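# Close look at the chain arrangement
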Amino acid sequence: MSGNNPSTPVVNEKISKVGEGGTGGNNFNIKWLITTVLAIWPWLLASITIALICGNLYLRYTVPWYLAKGEFLINDSKKSESSSGDDVLDAIKSSGNKINMDNEIEILKSRSTMIQIVKKLKLNISYTIEGRFKITELYYGRPFDFVVADTVDDYYSCKVNISGPNNVQVLEPGGKLIQTKWGDTVYGAGNRKFILRKTEFFDPSKQQYSVDESSVFDAATGYLNSIDIAVLNKATNCLYISKQDPLPERAVDMINTLMEVYKAKNISDRNRISESTINFIESRIMTLGEELNGVETNAVIFKEEHGITDMKSQSSELVTANTALAEKLQEAQLELDITSSLSDSLEKAGDRSMTLPASLLMNPGLVGLMSDYNKLQIDIENSLIAYTAGNPITKNLIQQRKEVKQNILDALISSKQQMQVKVNKLQRTVDILSGKIRDIPNVERLYLDYSRKQSIYEELYLFLLKKREETEIEKSSTVADAIVIDPAINVGPVKPNHAHVLMLSFLYGLFIPFGVIVLRRALNIRIISKSDIVKLTTIPIIGEIGNNKTSDGFAIVKNSRTIISEQFRALRTNLQYLLPDKSEKIIMITSSMSGEGKSFIAVNLSITIAMSGKKVILVELDLRKPKISKMLSIDNNIGFSNYSIGKATIDEIIVPSGIENNFFILPSGPVPPNPSELILLPRSEELFKYLRDNFDYIIVDTSPVGLVTDAQLLNKYADTTLYVVRQAYSYLQQLNIPNELYYSDRITKLNLILNDVVANRGFAYGYGYEEGYGYGYGYGYGYGYGYGYGYGYGYGYGNNGNGYYMEDVNKKKKKGFRKWFRSRNK
């Protein structure tokens with residue numbers, strides 16, 4: 001026969017294509033989902049109920065988080081500044097110094113800002129009280145305050161027991177118990193000193209509280225990034241500040257305090273420029289005051305020495321003109337001195353920061369550049385709070401300051417040159433007038449010189465006093481560039497989201513049972529349902545036999561109407577389509593391994609066929625492990641092995657079954673040492689020829705084809721072969737054996753029988769009802785088979801008023817949840 005078989009590569013190619021176009025290639029379908037839900041709905045209901053209970057418990061004992069929101073506006077103060085009234089210059093200054101909202105947000109979220117908030121609200125001290133199932137933190141409404149009385153900034157923890165309206169106990173972790181009174185200083189471990197003070201919410205009925213104090217730095221670090229700040233509209237400078245917190249009052253206080261801290265810092269930064277200007281003016285006032293006192297003293301001394309009381313009127317006009325020019329010369333010289341002083345200060349300062357007194361100069365361009373320089377200096381300091389010196393934003397600001405400084409130096413140099421030209425020109429004019437005044441008496445000329453200097457110093461002194469007062473007024477009236485549009489309010493709870501948690505609980509309860517089923521199905525290595533077979537092979541399934549509950553192995557009783565009886569009758573009917581020719585009589589039954597139910601199928605199929613009036617013989621050719629003789633209580637001392645070696649005749653080895661008159665048995669005989677060789681003997685052919693002539697059906701029970709070759713040797717006598725596969729027993733991989741035999745044509749008309757089918761077993765492994773098959777004990781079942789030979793057959797049964805079968809009595813006695821559950825797996 002090997003010469004007619006296809007080559008191994010061809011067989012493997014055929015096997016590899018199995019299931020590619022079959023309906024079983026898809027592991028998931030709507031029918032599987034619906035039938036699985038109907039089968040396991042009690043478990044689904046229990047799982048969903050438990051999940052919802054867990055979800056409600058989570059919502060019951062989870063501390064809710066609340067959301068607080070506030071709105072903050074940051075103005076651009078540069079837009080309102082004007083030093084010269086030049087609209088063009090003001091526009092240039094405003095566009096070049098527009099506020100950077102990202103920098104302001106980083107300042108608001110910086111650690112230094114959070115440290116100030118923690119200090120103001122004392123957030124480094126937490127108060128908690130233990131409940132039955134959870135610990136509750138207190139903020140608003142706490143019955144006492146923990147007031148630190150020393151400078152120790154370290155972690156400290158204790159428990160406070162309220163003993164009454166006057167007494168209190170402090171229990172430290174080391175077990176030390178301190179008895180004290182409200183308002184007294186308590187000396188704790190580590191030289192810690194603190195005071196416990198009652199609040200308006202004091203309640204002596206509450207007993208024990210826990211107090212934990214951490215360092216301000218650690219507390220601020222813990223709160224970093226807990227406040228969210230966002231610019232929702234890029235066209236405005238409005239900041240939306242929000243915070244989530246289990247204590248809504250704390251979130252509201254933190255947002256409001258954050259806005260207050262920022263406003264105070266903004267005012268402080270702006271006042272620094274005014275203070276710097278005031279300090280510069282004060283130093284100039286002191287210098288001018290000394291010079292003015294010196295001129296006045298010299299004038300008095302000069303008049304006393306020379307007895308001067310009045311000047312001649314004839315020199316008035318000349319002196320007046322000379323005085324006016326001298327005043328202009330002095331003003332130009334003073335401005336030149338101030339310009340030189342500022343230039344020298346800038347050059348000596350190098351890269352060090354300094355604040356420039358912009359209001360002392362008359363040059364509008366220089367005043368604008370100095371204002372820009374001062375603003376950049378403040379922006380750099382603010383940037384260093386949020387970023388490092390190497391940050392691109394900080395480096396960019398430093399570069400801008402450097403460029404502005406260079407522009408100031410260039411402008412000062414240019415201004416000095418212009419002022420020097422002006423001074424020289426005035427000086428030449430004054431010299432000409434002075435030459436004309438030489439005719440005036442020397443005493444009068446000297447007196448007028450003293451008077452001129454006195455007048456100039458007085459005007460400069462009054463000018464500086466006026467500027468100082470203006471700067472002081474501006475400082476006292478400074479307000480923050482930030483405005484609180486909406487103070488923080490508690491919006492309400494945001495988590496846990498009740499609907500979300502309950503929905504997730506429902507989904508978990510729904511999908512966990514499915515997950516278990518799918519996992520078991522994925523890990524399964526055995527055949528559980530018909531779909532497993534359809535996915536791995538295209539060999540026809542001729543029948544499905546249910547689970548046998550009897551202990552003797554006989555599932556068929558005369559006039560029986562049980563499910564399994566009807567299944568064997570369906571198998572008997574289907575065999576008529578497999579063996580349409582009357583000469584086709586021999587049915588060989590085999591399997592992959594022992595224990596799959598070959599003998600059970602062979603015996604009960606033989607009985608079923610015999611009940612139909614056909615003469616049937618069951619040939620026991622499982623020579624290595626015979627079971628049928630023992631099952632039927634037949635003497636196995638004489639059988640096929642005796643006949644093969646000529647020790648017995650055919651008539652001697654054929655015996656009645658004792659069950660049906662038309663049912664005969666051909667036992668295997670004693671177990672031989674060489675079963676395969678006995679089958680190959682010529683007497684085997686003579687035996688099967690005799691059986692064809694004298695029986696309507698010959699059913700041959702052979703050894704498992706997956707273990708030995710007996711079935712392949714007997715195939716030449718068989719007209720069809722039934723390959724038994726047992727549910728939850730046969731391995732999926734073992735289907736490769738019938739596949740190879742089927743596609744290589746080494747077995748004639750190979751068909752499969754699925755044995756020991758239990759519907760609920762499939763659900764336990766994650767299978768719903770499969771296409772063409774499904775039943776449940778106690779209510780009904782249905783079949784649908786396709787054979788691949790041009791035939792098809794199917795029918796169904798039920799007991800809804802006109803049933804065609806009768807259940808076993810033992811099955812009707814099932815009670816409890818298992819019967820109730822199975823009865824719904826239809």
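Above this text is the structure in question.
Now for a quick tour of the structure. (Residues numbered from 1 in each chain as written. Predicted model: local features only at pLDDT ≥ 70, side-chain atom pairs only at ≥ 80, totals over all residues. Heavy atoms only, no water.)

### Notes on the overall build of the protein chain
- Along the protein chain, the regular secondary structure elements total 25 helices and 26 strands.
- Considering the protein chain as a whole, with its 826 residues, one finds that 46% of them fall into the buried category.
- Sequence-distant contacts, at least 24 apart, represent 78% of the contacts inside the protein chain between residues at least 6 apart.
- Roughly 41,900 Å² of accessible area belongs to the protein chain as shown, and the carbon and sulfur atoms make up 53% of that amount. (Helix = DSSP H or I, 4+ residues; strand = E, 2+ residues; numbered from the N terminus. Buried < 20%, exposed > 50% of the residue type's maximum accessible area, 1.4 Å probe, protein only. Contact = heavy atoms within 4.5 Å. Areas by Shrake-Rupley, 256 points an atom, 1.4 Å probe, with all protein chains shown as cover.)

### Examining the sheet that holds strand 5 (residues 156-162)
- Strand order in the open sheet formed by six strands is 3-2-10-5-6-7, and the pairing between neighbours is antiparallel. The open sheet has two free edges, formed respectively by strand 3 (135-138) and strand 7 (177-181), since each of these has just one partner strand. This sheet shows a mean twist of 30° between the axes of neighbouring strands, independent of strand direction.
- The pairing of strand 2 (residues 125-130) with strand 3 spans four bridges and is antiparallel. Bridging from a neighbouring strand, Thr-128 pairs with Glu-137 of strand 3. (Pairing = 2+ DSSP bridges. Axes fitted to C-alpha atoms, helices over the stretch in contact; angles between N-to-C directions.)

### Some details on the sheet that holds strand 17 (residues 655-656)
- Spatial ordering of the open sheet is given by 14-21-20-15-19-16-18-17, a layout of eight strands whose pairing is mixed. Both edges of this open sheet fall to strand 14 (541-546) and strand 17, since each of them pairs with a single strand only.
- Bridging between strand 15 (residues 586-591) and strand 19 (residues 697-702) involves four bridges; their strand directions are parallel. Looking across to strand 19, one finds that Ile-589 is bridged to Asp-701.
- With respect to the sheet, helix 14 (residues 563-578) is in contact with strand 14, strand 15, strand 20 (720-726) and strand 21 (750-757), its orientation differing from that of strand 14 by roughly 165°.
- Strand contacts of helix 15 (residues 598-611): strand 14, strand 15, strand 16 (616-621), strand 18 (663-666), strand 19, strand 20 and strand 21, with the helix running at about 170° to strand 19, the strand carrying the most contacts.

### Structural notes on the nonpolar core
- Grouped together as the largest cluster of nonpolar side chains are 40 residues, with contacts concentrated most on Ile-654, Leu-666 and Leu-691.
- Looking at this core element by element, the count peaks at four residues for strand 21.
- Sequence-distant contacts of Leu-666, defined by excluding residues within four places in its chain, comprise Ile-617, Leu-618, Val-619, Glu-620, Phe-640, Ile-653, Ile-654, Leu-687 and Leu-691. (Core = buried A, V, L, I, M, F, W, Y, C linked by side-chain atoms within 4.5 Å.)

### Quick look at the packing of helix 14 against helix 15
- With their axes 9 Å apart at the nearest point, helix 14 and helix 15 run at an angle of 75° to one another. Put simply, helix 14 runs roughly perpendicular to helix 15. Contacts between helix 14 and helix 15 involve Ile-564, Phe-568, Arg-569, Leu-571, Arg-572 and Leu-575 from the first element and Phe-600, Ile-601, Asn-604, Leu-605, Thr-608 and Ile-609 from the second.
- Residues of the contact of helix 14 with helix 15, tallied by class, amount to eight nonpolar, two polar and two charged. (Parallel < 35°, antiparallel > 145°, perpendicular 65-115°, else oblique. Nonpolar A, V, L, I, M, F, W, Y, C, P; charged D, E, K, R; others polar.)

### Thoughts on the packing of helix 5 (residues 111-121) against helix 6 (residues 216-223)
- Their axes nearest at 9 Å, the elements helix 5 and helix 6 cross at an angle of 115°. One element, helix 5, and the other, helix 6, form an angle in the roughly perpendicular class. As for how helix 5 packs across helix 6, the hand of that crossing is right-handed. Across from Arg-111, Met-114, Ile-115, Val-118 and Lys-119 in helix 5, the residues of helix 6 making contact are Val-216, Phe-217, Ala-219, Ala-220, Thr-221 and Tyr-223.
- Residue classes in the contact of helix 5 with helix 6 are distributed as eight nonpolar, one polar and two charged. (Left-handed = near helix turned anticlockwise from the far one by under 90°.)

### Concerning the packing of aromatic side chains
- For the structure on display, the rule yields 13 aromatic pairs.
- Between Tyr-140 and Phe-201 the ring centres are 5.1 Å apart and the planes differ by 65°, which places this aromatic pair in the edge-to-face class. Of this pair, Tyr-140 sits in the loop between strand 3 and strand 4 (144-148) while Phe-201 is found in the loop between strand 9 (192-198) and strand 10 (208-213), placing the two residues 61 residues apart along the sequence.
- Judged by relative accessible area, which is 32%, Phe-201 ranks as partly exposed.
- Measuring from centroid to centroid gives 5.8 Å for Phe-664 and Phe-695, while their planes differ by 70°, and the two rings are edge-to-face. With Phe-664 in strand 18 and Phe-695 in the loop between helix 20 (682-694) and strand 19, this pair connects stretches of sequence that are 31 residues apart. (Phe/Tyr/Trp six-rings, centres within 6.5 Å; stacked < 30°, edge-to-face > 60°.)

### Notes on the pairing of strand 19
- The element strand 19 is largely enclosed, with a buried count of six among its six residues.
- On strand 19, burial covers both faces: Tyr-697, Ile-699 and Asp-701 on one face and Ile-698, Val-700 and Thr-702 on the other are all buried.
- Direction of pairing for strand 16 relative to strand 19: parallel, over a ladder of six bridges. From the neighbouring strand, Leu-618 faces strand 19, where its bridge partner is Ile-699.

### Quick word on helix 14
- Counted at 1.5 Å a residue, the expected span for helix 14 with its 16 residues is 22 Å, and the 23 Å between its end C-alpha atoms agrees.
- With 13 of 16 residues buried, helix 14 is to be regarded as a mostly interior element. (Expected span 1.5 Å × (residues − 1).)

### A word on a nonpolar patch on the surface
- Together, Leu-52, Leu-502, Met-503, Leu-504, Phe-506, Leu-507, Tyr-508, Phe-511, Ile-512 and Val-516 give the surface a local cluster of nonpolar side chains, amounting to about 870 Å² of exposed area.
- Considering each element in turn, the nonpolar patch owes the most residues, nine residues, to helix 12 (residues 498-523).
- Mapped onto the elements, Ile-512 comes out in helix 12. (Patch = residues over 30% accessible without salt bridge, like charges linked within 9 Å, V, L, I, M, F, W, Y side chains within 5 Å. Salt bridge = Lys/Arg side-chain N within 4 Å of Asp/Glu carboxyl O.)

### Some points on unusual backbone geometry
- Across the junction of Lys-495 and Pro-496, the peptide omega takes the value 0°, indicating a cis bond.
- Mapped onto the elements of the fold, Pro-496 is located in the loop between strand 13 (482-495) and helix 12.
- A positive phi angle, near 60°, is found at Asp-745, a position not held by glycine.
- Looking at the element boundaries, Asp-745 is found in the loop between helix 22 (736-743) and strand 21.

Function cannot be inferred from these measures alone, as they are strictly geometric.
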